[in-house]
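Below, each chain spelled out in residue letters.
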Amino acid sequence: MLKDHPSIQWEGVIEVGRPKRVWIPQRFYHIVCRGNRRDPLFKEARDFLAFFHIIHQCHEKIPFEIASYCLMTNHFNLQLRSRHESISKVMALINKRYANYNNTRYQLTGHVFEKRYFSKLIDDAKGMLEVSRYIHLNPVEAHMVYAPEQYQWSSFYLYMDPHSKCLQFMNKEALLQYFSGNKEEQRKKYVEFVREASYTSV
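Residues numbered from 1 in each chain as written. Predicted model: local features only at pLDDT ≥ 70, side-chain atom pairs only at ≥ 80, totals over all residues. Heavy atoms only, no water.

## Quick look at the confidence of the model for the protein chain
Across the protein chain, pLDDT averages 90, with 88% of residues at or above 70. In this model residues 1–8 is a low-confidence stretch, pLDDT under 50, and it forms ten contacts with partners more than four residues away in sequence or in other chains. In the predicted structure, residues 12–16 sits below a pLDDT of 50 and forms three contacts with residues beyond four places in sequence or in another chain. (pLDDT = per-residue confidence, 0-100. Contact = heavy atoms within 4.5 Å.)

## Thoughts on the nonpolar core
Of all hydrophobic cores here, the largest spans 62 residues; its most connected members are Ile31, Phe64, Tyr69, Phe76, Met91 and Tyr190. If you tally residues by element for this core, the top one is helix H2 (residues 87–105), at eight residues. (Core = buried A, V, L, I, M, F, W, Y, C linked by side-chain atoms within 4.5 Å. Buried < 20%, exposed > 50% of the residue type's maximum accessible area, 1.4 Å probe, protein only. Helix = DSSP H or I, 4+ residues; strand = E, 2+ residues; numbered from the N terminus.)

## Some words on the pairing of strand S5 (residues 75–81)
Burial analysis of S5 places seven of its seven residues in the buried class, the great majority of the element. When strand S3 (residues 29–34) meets S5, the two strands line up antiparallel, connected through six bridges. Residue pairing in the sheet places His30 in a bridge with Gln79 of S5. Here strand S4 (residues 65–71) pairs with S5 via six bridges, running antiparallel. Across the sheet, Cys70 pairs through a bridge with Asn77, a residue of S5. In sequence, S4 turns back onto S5 through a hairpin of three residues. (Pairing = 2+ DSSP bridges.)

Written as structure tokens, this is what we have:
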């Protein structure tokens, strides 16, 4: 039975009407967090930068890996794997710290995020690539930019620019490994994989 599988751990206590979250340490998850009532989470550049600072702080406390990310105005997407602690624990830490920052910065009280974030286990290579492409094309689909490389608050630039300094929590190899060739050829193939879809999104 699924519940008895040795690689699966169940997170926390189940709430009435809500299924338990499943945590498989070897797998990546697609995470989406939205602002409460879909209010803006990020109002200016300073907020985006504060979020990245918090991500770095949390990574030092609980090591995790991110294959792709995109911070939009009222939500953010992460493609995340946590081998040592549950996804729920990681997200609770990140969201609590950002909520404290946001409420202090804008002199607010109450919830910053919707009560329950979205998380979906990514099953296979196809899923890994499709989720990352979806994340990187978020700003294109929202008609904020014409091409994913034009949006500065996603991880796509890390794949576009071979000389970009990789962030400590990023694991680009988690996506590039699915393409043949050397490192540079893999990078170019991934970029083309994402950009091809962006042409049909405009």
